[in-house]
Every structure is written in structure tokens, then in C-alpha cells.
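Structural features, examined
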Amino acid sequence: MSAIRDPFSILGIETSCDETAAAVVANGVAVLSSVVSSQIDLHARFGGVVPEIASRAHLELLTPVVAEAMVESGLDRQGIDAVAATVGPGLAGSLLVGLSAAKALAYVWRVPFIAVNHLEAHLYAAFLEEPDLDLPVVVLLVSGGHTLLVAMHAHGEYQLLGTTVDDAAGEAFDKVARFLDLGYPGGPAIDRVATTGNPEAIPFPRPMLTEGYDFSFSGLKTAVINYVRAHPDAAVDDVAASFQQAVVDVLISKARLAATDVGAKGLCLAGGVAANSRLREQALDACMADGLRPFVPSPSSCTDNAAMVAAAAWWRFRADGPSPLDTGADPNLRLGAG
Ligand code: KG4
Ligand code: ZN
């Protein structure tokens, strides 16, 4: 590839689910601006994301969010060297809004367009804050739609070790919180309520704890529901803390095993559930005990944002160059599929 401008500033756009976000990041590491507009209030009364409402809201919010990201970055359009957007996985209608906007901007500004995998973007949230990677690292990518254990051997080189056989970790948090009437999104609500609870109060199952790298959370969710129905007077904070501890135990135990098997130098947390305070605490303890370097992004970098999209785009662009302007949204895109 011909020489690229230094610094190389990328405008990133994220609209895969219910956050409308735009950010400008230089050379994959320097965040010049990062704006996230959450649609939580629009979806909360339905107890989950309503795809049609999400795509309409992205349409309304994207232009002001991009404008704010540009103003905050201190750059004008001549300062933008490429425009990137999430192409998948995610909600088809929502992805299309950000993708179409990014391609249109790239076309009129005559700069490259870069298509970004949302899962790879989550992973780069950790490296935005700690750019000098110690490879290989084991990545625990836990969000509302995904639970992946991945060995990262080089930039863009991923080995999928395990995934969930049913619900994603975030989905389990959301469903249990909904059952406990704690509101939406459930993860932050359980995290908050659990602070006053006893994590050892109720011995919930640790599903598939000793069975390889795959996860299962659906049975745990059912165990919580059955327990609360049988013990209507159970303290909600104890239930929340005990459920959270069961999830964290399984996640951390498998991540540690993977790190040993792979000979990893570090352990990286990514995705919305990585904002969980108990998971973060125990990941740091595990790293200390096992001599691993922790890559634990700040909570606001774990949940959906566009700085991670612009960061991942920088590495994608250096490896593969620009993406074609006829790139379509791919709601089921997998990690490692480009
Ligand atoms: O990565 P993300 O923002 O969106 C997806 O790509 O899915 O993740 C959202 C998920 C939701 O399930 C939410 O409940 C969960 O991350 N989450 C948390 C916490 N903050 C967000 N789960 C547990 N503890 C938290 N503090
Ligand atoms: Zn996400």
C-alpha cells in the first residue's frame, strides 16, 4: 500500500444496535472525539430493543451525532482521511443507517470507506487504551448478543475457542433482571443491586464449568426463576449477587484455562458485559495470580461506541486497504470473516 498520511484520522460510525455513535480516532489510538447517543429510554418500556424503533431513531440521531463528533475532534472534513462503519453483526435496519451514511460521506469527501466487524471493534476497545499488545492474548468477548472466547495471535488473526450454546451472557443478565423487575438494560441494574447482596447466599449452578470452552446460560436463568418462585421472600440483592457470581465464575474459569492452554501473555475483556464490576475485579485478580497482563477497557469503552470502530478500522485498513462502496450490511457476520 502507498504511504498513508500521519496522523491518519478516521471518522467511525456505529449503529448496529441501540446506540447511535460517532468518533474520530487518529492512528487507531488517539481518540479526538467520541459521541454516544443511547436509545435506552425509547426501548426500556418494551423490555428490550425494538428493531423498527432503533433504525428510525438512528436515522434521526446520526446526523447530529456525526456533527458533534466532528466539532469535538477539532478537525474539518479535510482532516478526515477515511470513514468507517460497522457492517455487522447487528440489526439489519440499524446497520444500514450507519453504513449508508459512512459510504455517502466517504464518496463525497473522496476518502476511503472501511467496513468494520462489530466484534473486532469490541476487541479493539481494549487496545485503544493499551496499544502495545503482548501477543498472544485470550479475549473474553461478552455482550448482549455474543459470548466468545478467542485467542488472538496477531492483528486480525483470531482462533475461536468457545462460544455459547444458547443465551449470550448479556442476554442472561437482561432476562434475569426483567424477571426480577429491575428494568432494562439488565446488566447495569444487576451490577448495581448486587453490590449490597451476598454472592454466596444461593448456590446457583455453574453451567458447563468443566466442559471445555463452550458456555450455556439458559439453564442458569431458569434456575434463578425457579428459585425465586420457590422462595418469594428471597432478598433481591442476594439473588442478583449470587446469579452474577455464577456467571462470573464460569467466564473467568474458562478464560484462565484458555490462557494457560494457549500460552497467552494477556487476558482481554471486551463487550458490554465487560463493564460488570465483579467480572472486572475477578479478571484483574486472575491476571495477578496467573502472571497475565490485563487488558480491561474502561466501562464506557466496553459498551457500544464508535471509537472502537475507528480503532479497528485503522488496523483493517492497514491490512486490507479500503472496502468497496457496494459493501452490504451483514447481520450475521462472524469474527475472522473480514
Ligand atoms: O456490547 P453491548 O453494548 O451491545 C452488544 O453488542 O450487545 O452489550 C450490551 C449488553 C447488555 O446485555 C447489557 O445488559 C450488558 O451488555 N451490560 C452489562 C453491564 N453493562 C452492560 N452486563 C453486566 N454488568 C454490567 N455492568
Ligand atoms: Zn456491541
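Below: a short report on this structure. Residue indices begin from 1 for each chain and proceed along its sequence in written order. To read the labels, note that chains go from A and ligands from 1, taken in the order they are written. Only residues with pLDDT of at least 70 are given local features in this predicted model, and only at 80 or more are side-chain atom pairs given and counted; all residues enter the totals for whole chains, interfaces and linings. Excluding hydrogens and water, the side-chain figures rest on all heavy atoms present in the structure.

Digging into the overall build of the protein chain
When you go through the protein chain residue by residue, the secondary structure sums to 11 helices and 10 strands. Computation of the radius of gyration draws on C-alpha atoms alone. For the globule rule, the value is 2.2 Å times the number of residues to the power 0.38. On C-alpha atoms alone, the protein chain measures out to a radius of gyration of 20 Å, which is about the 20 Å that the 2.2 N^0.38 rule sets for 338 residues. Each principal axis of the C-alpha distribution contributes one length, and for the protein chain these read about 65 × 45 × 30 Å. Only protein chains enter the accessibility calculation, which uses a 1.4 Å probe. A residue is then buried if its area is under 20% of the maximum for its type, exposed if over 50%, and partly exposed in between. Taken over 338 residues, the protein chain has a buried fraction of 53%. Residue contacts are defined here by distance: any two heavy atoms, one from each residue, within 4.5 Å place the two residues in contact. Looking at the protein chain alone, contacts between residues at least 24 apart form 74% of all its contacts between residues at least 6 apart. A total of about 14000 Å² of accessible surface is found on the protein chain, and carbon and sulfur atoms cover 53% of it. Think of it this way: Lys and Arg go in the positive column, Asp and Glu in the negative one, and His and the chain ends go nowhere. A charged residue contributes its charge at one atom only: NZ of Lys, CZ of Arg, CG of Asp or CD of Glu. Of the charged side chains in the protein chain, 21 are positive and 38 negative, and the gap between their average positions amounts to 4 Å. Think of it this way: any DSSP run of H or I at least four residues long counts as a helix, any run of E at least two long counts as a strand, and we number them from the N terminus. Only the protein chains shown count as cover for residues, and all accessible areas are computed by the Shrake-Rupley method using a 1.4 Å probe.

Remarks on the coordination of the zinc ion (ligand 2)
Metal-coordinating donors are taken as N, O and S atoms lying within 2.8 Å of the metal, or within 3.2 Å when the metal is Na, K or Ca; because water is left out, some sites can appear incomplete. Protein coordination at the zinc ion (ligand 2): the donors are H118 (NE2), H122 (NE2) and D304 (OD), at 2.0 to 2.1 Å from the metal. Coordination at the zinc ion (ligand 2) is tetrahedral, judged from the 4 donor atoms that bind it and the angles of 94 to 135° they form at the metal. Of note, the zinc ion (ligand 2) draws all its donor residues from one chain, in the sequence arrangement H-x3-H-x181-D. With H118 and H122 both in helix α4 (residues 118–129), this residue pair falls 4 residues apart, about one helical turn. Classification of H118 as buried rests on a relative accessible area of 7%. Among the residues examined, H122 registers a relative accessible area of 1% and is labelled buried. Under this scheme a four-donor centre is tetrahedral when all angles range from 85 to 135 degrees, a four-donor centre is square planar and a six-donor centre octahedral when opposite donors are above 155 degrees with the rest from 65 to 115, and any other centre is irregular.

A few points about the site of ligand 1
Nearness here has a simple test: a residue counts as near a molecule or strand if at least one of its heavy atoms is within 4 Å of that partner. Of all residues adjacent to ligand 1, which total 19 residues, the nearest are G144, D174, G187, D191 and G272. Within the backbone of G272, a nitrogen or oxygen atom sits 3.0 Å from an oxygen atom of ligand 1. Within 3.5 Å is the distance limit for a polar contact, defined as a pair of N or O atoms, with the added protein rule that one can donate a hydrogen and the other accept it, and that residues adjacent in sequence qualify only through two side-chain atoms. Between ligand 1 and the protein, one listed contact pairs an oxygen atom with a backbone N or O atom of V273 at 3.5 Å. Within the complex, the protein chains bury 89% of what would otherwise be the 550 Å² of accessible surface of ligand 1. Residue assignment for the shell around ligand 1 shows that the elements contributing at least two residues are α4, α5 (169–179) and α6 (186–194). The element best represented in the shell around ligand 1 is α6, accounting for 4 residues. In terms of residue class, the shell around ligand 1 is made up of 4 nonpolar, 12 polar and 3 charged. Classification used: nonpolar for Ala, Val, Leu, Ile, Met, Phe, Trp, Tyr, Cys and Pro, charged for Asp, Glu, Lys and Arg, polar for all others including Gly.

Concerning α4
Here α4 spans 18 Å end to end across 12 residues, near enough to the 16 Å set by a 1.5 Å rise per residue. Burial analysis of α4 places 11 of its 12 residues in the buried class, which makes it a mostly covered element. Inspection of α4 places H118, L119, E120, A121, H122, L123, Y124, A125, A126, F127 and L128 among the buried residues, and these make up the whole buried set. In this structure N117 caps α4, since a side-chain oxygen of it lies 2.8 Å from the backbone nitrogen of L119. An expected span of 1.5 Å times one less than the residue number is assigned to each helix.

Observations concerning unusual backbone geometry
The phi angle of most residues is negative, glycine excepted, and most peptide bonds adopt the trans form. Cis geometry marks the peptide bond from D6 to P7, where omega comes out at 0°. When you line up the elements, P7 lands in the segment before β1 (9–14). Of note, the bond from L135 into P136 is cis; its omega dihedral lies within 30 degrees of zero at 0°. Position of P136 among the secondary structure elements: in the loop between α4 and β6 (137–142). Look at R110: it is not a glycine, yet its phi comes out positive at around 55°.

Regarding the side chain of K103
Mapping K103 onto the fold places it in helix α3 (residues 92–109). If we ignore the near neighbours within four places in the chain, the residues touching K103 are F113, L325, D326 and T327.

Concerning the pattern of salt bridges
Basic side-chain nitrogens of Lys or Arg form a salt bridge, by our definition, when they fall within 4 Å of a carboxyl oxygen of Asp or Glu. The final tally for this structure, using the stated rule, is 13 salt bridges. D81 is paired through a salt bridge with R5; the nearest N and O atoms lie 2.7 Å apart. Linking D81 in the loop between α2 (51–73) and β4 (82–88) with R5 in the segment before β1, this pair joins segments that are 76 residues apart in sequence. Judged by its relative accessible area of 10%, D81 falls in the buried class. R5 gets classed as partly exposed once you look at its relative accessible area, which sits at 45%. In this structure, D249 and R206 form a salt bridge, with 2.9 Å as the shortest nitrogen-oxygen distance. You can see D249 sitting in helix α8 (residues 236–262) and its partner R206 sitting in the loop between α6 and α7 (218–230), a full 43 residues away along the chain.

Structural notes on the sheet that holds strand β5 (residues 113–117)
Backbone-to-backbone hydrogen bonds pair the strands of a sheet. The strands run either parallel or antiparallel. Paired strands, as defined in this entry, are two strands with at least two bridges between them according to DSSP. If you walk across this open sheet you meet the 5 strands as β3-β2-β1-β4-β5, and the pairing is mixed. Unpaired on one side and paired on the other, β3 (30–38) and β5 mark the two borders of the sheet. Pairwise comparison of adjacent strand axes, ignoring direction, gives a mean angle of 20° for this sheet. Pairing analysis gives 8 bridges linking strand β2 (residues 19–26) to β3, with the strands arranged antiparallel. Across the sheet, residue E19 finds its bridge partner in β3, namely S38. Along the sheet face, α2 touches β1, β2 and β3 and points at about 25° away from the line of β2. Angular values range over 0 to 180 degrees, each being the angle between N-to-C directions of two axes fitted as lines to C-alpha atoms, with helices fitted over their stretch in contact. Sitting on the sheet, helix α11 (residues 307–320) touches β1, β2, β3, β4 and β5, and the angle it makes with β1 is about 125°.

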